[in-house]
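Chain and residue survey
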Amino acid sequence: MQLRYVFSELGQGLRRNLSMHLAVILTLFVSLTLVGLGVLFHMQADKAAAHWGSQLQIQVSLCNTDDRNPACVGEVTDAQRDAITTVIDANPEAAGWDLETKEEAFEKVKELYGADKFEGANAVMSAEDMPESLWVELKDPEQFEGIVSAVGGLDGVSGVRDMRRYIEPIIGSINMLLWVSVATALFLVVAALLLVANTIRLAAFARRKEIGIMRLVGASSLYIALPFLLEALVTALLGVLLAVGALAAFMYFGIEQRGQDQLKFIPWIGMREFFVAAGVVAVLGPLLTVLPTLVLTRKYLKV
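Because the structure is a prediction, the values reported are computed rather than measured. (Residues numbered from 1 in each chain as written. Predicted model: local features only at pLDDT ≥ 70, side-chain atom pairs only at ≥ 80, totals over all residues. Heavy atoms only, no water.)

Description of the overall build of the protein
The line we're drawing: Counting from the N terminus, the helices are DSSP H or I runs at least four residues long and the strands are E runs at least two residues long. Here's how the labels work: a residue is buried when its accessible area is under 20% of the maximum for its type, exposed when over 50%, partly exposed in between, all with a 1.4 Å probe on protein chains only. When checking whether two residues touch, look at their non-hydrogen atoms; a contact exists if any pair is within 4.5 Å. Note on areas: these come from Shrake-Rupley sampling with a 1.4 Å probe, and a residue is covered only by the protein chains present in the view.
Across its full length, the protein carries 9 helices and 4 strands. Looking at the protein as a whole, 42% of its 303 residues are labelled buried. If you take every contact in the protein between residues at least 6 apart in sequence, the share linking residues at least 24 apart comes to 85%. Within the structure as shown, the protein displays about 16300 Å² of accessible surface, and the carbon and sulfur contribution to it stands at 63%.

Listed below in structure tokens is the structure:
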């Protein structure tokens, strides 16, 4: 196989259908960026829900040594904790509960504000300063008044928070952005596939004489189709690079510069989630161009 000829045909093909290739690259860029944003929004919603609890939970904060609630006279005792969990178990609105220890609560605070602020002799707080909490899962998210009133006045309870009030608007907004980006991305993916099909058809028509000669001299199917596959791979690579760059810009300007600085109470996604989204984009991009090219070359080239 003469690779020199293959790369020569690749260059000519890119130049002949430059406008079509640019249209495919731009469509891939926008669609892959939206897919990547959808992945990031999904992981952001999961991260927020994991930090605060799901929308089916309320948080029962237990008294600690320096609690500001006047109803707390010191650290919650084992007997008080057992009495509280007994009331929760007997309540028909509660589906179960989990105990969050001081250490687990402290790890959440360190993850949210940065571990460096809680290390060394001048640390602002330690695990002992954190209260224990009971996360109560509800059978019905609309039925919570009974469990709130039942545990709110018990000894050892510092406060009760309905977590839906805090996270429902945030997670609702994130999920809305997720579905909008996914729906738009699916629409643009279809557009990209149609553009790929048209590009292959035009390229095959422009090279019909060369293809006929290669068939007569016994060129293999792979040899005839390889320039088309390389064109698809080049357009996919450029689309992926642009999309990953857009995701990196979103992480820097949207998350680091605005989100983390202005909304510090929200646990934000980081580089690990960015690399996951970039990996999804890197895999999806070639699939959207190379696989259709493999199928359509058999139709348009009849190899």
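Observations concerning the sheet that holds strand β3 (residues 133-138)
Two pairing modes exist for strands in a sheet, parallel and antiparallel, and in both the strands are linked by backbone hydrogen bonds. To keep it simple, the criterion reads: Note: two strands are recorded as paired if DSSP finds a minimum of 2 bridges between them. Only C-alpha atoms enter the line fits that serve as axes; for helices the fit covers just the stretch in contact. Angles between N-to-C directions range over 0 to 180 degrees.
Reading across from one edge, β2-β3-β1-β4 is the order of the 4 strands in this open sheet, with antiparallel pairing throughout. Strand pairing shows two members of the sheet lacking a second neighbour, β2 (94-100) and β4 (157-162), which therefore form its edges. Strand-to-strand, the axes of this sheet are offset by a mean angle of 20°, without reference to chain direction. Of the pairings in the sheet, the one linking strand β1 (residues 57-62) to β3 comprises 5 bridges and is antiparallel in character. Looking at β3, one finds that glutamine 59 is bridged to tryptophan 135. The strands that helix α4 (residues 102-113) touches are β2 and β3; relative to β2, the one it contacts most, it runs at about 80°.

Comments concerning the pattern of salt bridges
Note the threshold: Salt bridges are defined by distance alone: a side-chain nitrogen of Lys or Arg within 4 Å of a carboxyl oxygen of Asp or Glu.
The full count for this structure, using the stated rule, is 5 salt bridges. Here arginine 272 ties to glutamate 273 by a salt bridge, and the two come within 3.1 Å at their closest N and O atoms. Taken together, the shared-partner salt bridges connect Asp78, Arg81 and Glu132 into one network.

Remarks on the pairing of β1
By the criterion of burial, β1 is predominantly enclosed, with 6 of the 6 residues buried. Here β1 shows a buried face lined by Gln57, Gln59 and Ser61 and a second buried face lined by Ile58, Val60 and Leu62. Strand direction decides the pairing type here: β1 and β4, joined by 5 bridges, are antiparallel. Considered in β4, the bridge of valine 60 is made with valine 160.

Some details on the packing of aromatic side chains
Threshold: To pair, rings of Phe, Tyr and Trp, with the six-membered ring standing in for Trp, must have centres within 6.5 Å; the planes then decide the type, stacked if under 30 degrees apart, edge-to-face if over 60, and tilted in the middle.
Following the criterion strictly, the structure yields 3 aromatic pairs and no others. Ring centres of tyrosine 252 and phenylalanine 253 lie 4.9 Å apart, and the angle between their planes is 85°; this geometry places the pair in the edge-to-face category. Judged by relative accessible area, which is 38%, tyrosine 252 ranks as partly exposed. The exposure class assigned to phenylalanine 253 is exposed, which follows from its relative accessible area of 54%.

Looking at a nonpolar patch on the surface
What counts here: Patches draw on residues past 30% relative accessible area with no salt bridge. Two like charges within 9 Å are joined, as are two nonpolar side chains (Val, Leu, Ile, Met, Phe, Trp, Tyr) within 5 Å.
On the surface, a cluster of nonpolar side chains totalling about 450 Å² of accessible area is made up of Val283, Leu287, Leu291, Leu294 and Val295. For valine 283, the location among the structural elements is in helix α9 (residues 271-300). Of the residues examined, valine 283 reaches a relative accessible area of 53% and is grouped as exposed.

Remarks on the state of the cysteines
Short version of the rule: Two cysteine sulfur atoms make up a disulfide if the distance between them is within 2.5 Å.
The final tally for this structure, using the stated rule, is 1 disulfide. With its sulfur 1.9 Å from that of its partner, cysteine 63 forms a disulfide with cysteine 72. An S-S torsion of about -65° defines the bridge between cysteine 63 and cysteine 72 as left-handed. Residue cysteine 63 is classed as buried on the basis of its relative accessible area of 3%.

Digging into the side chain of serine 61
Mapped onto the elements, serine 61 comes out in strand β1. Taking relative accessible area as the criterion, serine 61 reaches 15% and is therefore assigned buried. Among all residues touching serine 61, those that are not within four sequence positions of it are Glu132, Ser133, Gly156, Val157, Ser158 and Gly159.

Things to note about the nonpolar core
Nonpolar side chains tend to gather and get buried jointly when the protein is soluble and globular. Selection criterion: We define a nonpolar core as any set of buried Ala, Val, Leu, Ile, Met, Phe, Trp, Tyr and Cys residues linked to one another through side-chain atoms lying within 4.5 Å.
Residues Leu28, Leu32, Leu37, Leu40, Leu247, Met251 and Val281 are the most contacted members of the largest nonpolar core, which totals 35 residues. When contributions to this core are tallied by element, the ones reaching two or more residues are α2 (18-52), α6 (164-206), α8 (221-262) and α9. Here this core gets 12 residues from one element, more than from any other, and that element is α2. Excluding residues within four positions of it along the chain, leucine 247 makes contact with Thr33, Gly36, Leu37, Leu40, Phe274, Ala277 and Val281.

Looking at a negative patch on the surface
Selection rule: For this count, His and the chain ends are skipped, Lys and Arg are scored as positive, and Asp and Glu as negative. To locate a charge, the coordinates of NZ of Lys, CZ of Arg, CG of Asp or CD of Glu are taken.
On the surface, Asp66, Glu103, Glu104, Glu128 and Asp129 cluster together into a negatively charged patch. Positionally, glutamate 104 belongs in helix α4. The class for glutamate 104 is partly exposed, based on a relative accessible area of 42%.

Observations concerning the environment of threonine 77
Within the secondary structure, threonine 77 sits in the loop between β1 and α3 (78-90). Judged by relative accessible area, which is 39%, threonine 77 ranks as partly exposed.

Here's the deal with the environment of valine 276
Relative to the helices and strands, valine 276 is located in helix α9. According to the relative accessible area criterion, valine 276 is partly exposed, its value standing at 36%. In sequence terms valine 276 and leucine 40 are 236 residues apart; their C-alpha atoms lie 8.5 Å from each other. When sequence neighbours within four positions are dropped, the list of residues in contact with valine 276 reads Val39 and Met43.

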